[in-house]
Amino acid sequence: MRVLLHCPFVLAENTGITRYLKGLLQALATHSDIEIHCLIPPGWSGLPTPLKPIELPSHSGGGAGHPLGRLLRESVFLRRLHQKQGFDLFHSPFGYLPFSLPTRSVLTVPDLRVLRWPQSFSPLRGAFLRAMMPRSIRQAAHLLPMSQFTKSEILALVPGLFSEKLTVAYPGMDTFWSTPASATERADFRQRVSGPFVLAVGTSEPHKNLPTLLEAMKKLPEKKLVLIGETFASGRSQTLILPSNVLPLGRLTDTELRAAYAEASAYCFPSLYEGFGYPPLEALAQSCPVVAADIAVLREVLGDSASFADPHSPEALATALETARYDSTPSYTWQTHAETILATYHAILAA
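Because the structure is a prediction, the values reported are computed rather than measured.

Considering the nonpolar core
Phase 1 of the analysis: Ile36, Leu199, Leu302 and Tyr345 are the most contacted members of the largest nonpolar core, which totals 101 residues.
Phase 2 of the analysis: Those residues within four positions of isoleucine 36 in sequence are excluded, and the remaining contacts are Val3, Leu5, Leu28, Leu51, Lys52, Leu342 and Tyr345.
Phase 3 of the analysis: Formed by 20 residues, the second largest nonpolar core is a distinct cluster that contains Leu220, Ala318, Ala320 and Leu321.

Points about the sheet that holds strand 9 (residues 246-250)
Phase 1 of the analysis: Ordered in space as 9-8-7-10-11-12, the six strands form an open sheet in which the pairing is parallel. Only two strands of the sheet have a single partner each, and these edge strands are strand 9 and strand 12 (307-309). On average, each strand axis in the sheet is tilted by 25° relative to the strand beside it, whichever way the strands run.
Phase 2 of the analysis: Across four bridges, strand 7 (residues 198-201) lies against strand 8 (residues 225-228) in parallel orientation. In the strand pairing of strand 8, leucine 199 is matched with valine 226.
Phase 3 of the analysis: Set on the sheet, helix 7 (residues 183-193) makes contact with strand 8 and strand 9; between it and strand 9 the angle comes to about 125°.

A short note on the sheet that holds strand 5 (residues 104-109)
Phase 1 of the analysis: Across the sheet, which stays open at both edges, the six strands sit in the order 3-2-1-4-5-6 with parallel pairing between neighbours. At either margin of the open sheet sits one strand with a lone partner, and together these are strand 3 (52-55) and strand 6 (142-145). Looking at each pair of strands side by side, their axes are set apart by 25° on average, direction ignored.
Phase 2 of the analysis: Bridge count for strand 5 against strand 6 is four bridges, and the pairing is parallel.

Quick notes on the pattern of salt bridges
Phase 1 of the analysis: Tallied over the full model, the rule gives 13 salt bridges.
Phase 2 of the analysis: Here lysine 208 ties to glutamate 274 by a salt bridge, and the two come within 2.7 Å at their closest N and O atoms. Linking lysine 208 in the loop between strand 7 and helix 8 (210-218) with glutamate 274 in the loop between strand 10 (266-269) and helix 10 (278-285), this pair joins segments that are 66 residues apart in sequence. A single burial state applies to lysine 208 and to glutamate 274, both of which are buried.
Phase 3 of the analysis: Among the ionic pairs, lysine 219 bridges to glutamate 315, the shortest N-O distance being 3.5 Å. With lysine 219 in the loop between helix 8 and strand 8 and glutamate 315 in helix 12 (residues 314-323), this pair connects stretches of sequence that are 96 residues apart.
Phase 4 of the analysis: Lysine 219 gets classed as partly exposed once you look at its relative accessible area, which sits at 44%.
Phase 5 of the analysis: Given a relative accessible area of 45%, glutamate 315 falls into the partly exposed group.

Describing the pairing of strand 1 (residues 2-6)
Phase 1 of the analysis: Of all five residues making up strand 1, four are buried, and the element is well covered by its neighbours.
Phase 2 of the analysis: Relative to strand 2 (residues 35-40), strand 1 is paired through five bridges, and the arrangement is parallel. Directly across from arginine 2, in strand 2, lies its bridge partner glutamate 35.
Phase 3 of the analysis: Bridge analysis of strand 1 against strand 4 (residues 89-92) gives three bridges, and the strand direction is parallel. Residue pairing across strands places leucine 4 opposite phenylalanine 90, the latter belonging to strand 4.

Points about the pairing of strand 4
Phase 1 of the analysis: The two faces of strand 4 match: Leu89 and His91 on one face and Phe90 and Ser92 on the other face are all buried.
Phase 2 of the analysis: Bridge count between strand 4 and strand 5: four bridges; the pairing is parallel. Within the sheet, the bridge partner assigned to serine 92 lies in strand 5 and is leucine 107.

A look at the confidence of the model for the protein
A low pLDDT score tells you not to read the predicted coordinates there in detail.
Phase 1 of the analysis: Chain-level statistics for the protein give a pLDDT mean of 92 and a share of 95% at 70 or above.
Phase 2 of the analysis: Note that pLDDT drops below 50 for residues 60-64; the model gives that stretch four contacts with residues more than four away or on any other chain.

Points about unusual backbone geometry
Phase 1 of the analysis: For the bond running from threonine 49 to proline 50, omega is 10°, close enough to zero to count as cis.
Phase 2 of the analysis: Positive phi, normally seen in glycine, also occurs at serine 287, with a value near 60°.
Phase 3 of the analysis: As for its position among the elements, serine 287 is in the loop between helix 10 and strand 11 (290-293).

Focus: the packing of aromatic side chains
Phase 1 of the analysis: Scanning the model with the defined rule gives 14 aromatic pairs in all.
Phase 2 of the analysis: Taking 6.4 Å as the distance between ring centres and 45° as the angle between the ring planes, the aromatic pair formed by tyrosine 170 and phenylalanine 276 counts as tilted. In this pair, tyrosine 170 sits in the loop between helix 5 (148-157) and helix 6 (175-178) while phenylalanine 276 sits in the loop between strand 10 and helix 10, placing the two residues 106 residues apart along the sequence.
Phase 3 of the analysis: Through successive ring pairs, a cluster of aromatic residues spans Phe176, Trp177, Tyr261, Tyr267 and Phe269.

What counts and how
Positions within a chain are numbered from 1, following the residues in the order the chain's sequence is written. Local features in this predicted model are restricted to residues whose pLDDT is 70 or higher, and side-chain atom pairs enter the listing and the counts only when it is 80 or higher, whereas totals over whole chains, interfaces and linings include all residues. Note: side-chain values were computed over all heavy atoms of the structure, leaving out hydrogens and water. Among buried residues, those of type Ala, Val, Leu, Ile, Met, Phe, Trp, Tyr and Cys that are joined through side-chain atoms within 4.5 Å constitute a nonpolar core. Buried residues are those whose accessible area, probed at 1.4 Å on protein chains only, stays under 20% of the maximum for their type, while exposed residues exceed 50% and partly exposed ones sit between those limits. Residues count as neighbours in contact if any of their non-hydrogen atoms are within 4.5 Å of one another. Strand pairing is assigned whenever DSSP detects at least two bridges linking the two strands. The helix and strand labels rest on DSSP assignments: H or I over at least four residues marks a helix, E over at least two residues marks a strand, and numbering proceeds from the N terminus. Simply put, an axis is a line fit to the C-alpha atoms, just over the touching stretch for a helix, and the angle between two N-to-C directions goes from 0 to 180 degrees. Any carboxyl oxygen of Asp or Glu that lies within 4 Å of a side-chain nitrogen of Lys or Arg is treated as forming a salt bridge with it. For every residue, the predictor states its confidence as a pLDDT score lying anywhere from 0 to 100. Each aromatic pair joins two rings of Phe, Tyr and Trp (for Trp, the six-membered one) with centres within 6.5 Å, and gets the label stacked for planes under 30 degrees apart, edge-to-face for over 60, and tilted for any other angle.

Here's what the structure looks like:
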């Protein structure tokens, strides 16, 4: 059994898909019953054994920044690769497939934000994904949504699918986030921020709902908000007017971010749309109280571990931030995620 796993974004900036791919690869590497070949960027040496690397062609040169051009080149490469080596199954872990695949395919679907919140995408990226994702969802032999919420979104927004074609596969959390930040790391961050603070991590894209959180902070003048994150080039940002009690720090390293979670009096996640939701789980792993938007996917993923507030109400967010307390941390493991994926591979290839 030979599976080809598509990993072109494993070296992208520190994004959700990068975190996901690295966690997935580490988990799959602990299983040896399936031969997994990974399509990786040229020169990357971080693939764990016994996964087998296959370098993608370099996408430098004319049209390199256009996602359609990249996908067309990859499709030609995959057809030639299949003719030479042959593969039983292709797995794309990021929501869409190359063109004209010569084998059956599995598709992981993080979310359908591009269909619900198109205003959060640049015109080019948005048009590409609105065309590619529904097509890929219909083409795949099996789908792996990252939550029950995303499963329901797929069935609602892509007509003609049967529920049996979808298996929910919750991603795991790296043990890095549950490892206590060191006293030195915490002290360094305290010195950088100076005084107690509430924390938020997110971009200024519309679905992240930061303007409502900023309005909430105006009602809490005695509290400080530390705001971490930037908007990526493929996203569409909003202009934010920051109250005087908001400190923007931009992007941090993972080590700095872990210390920020550990030091924060509370973490706020007011997002209006997610497919899973890593940041509040990272905060909880450092025993930081979490206030989350009262939306279906966050209720599903966070359960009783967070406090929930109406994300459209600055008053509700402010009240929740004043009373938030830490209780527990949900458990999501890469081992369970990998086992779900491998069971899907076996089921498709046995059919």
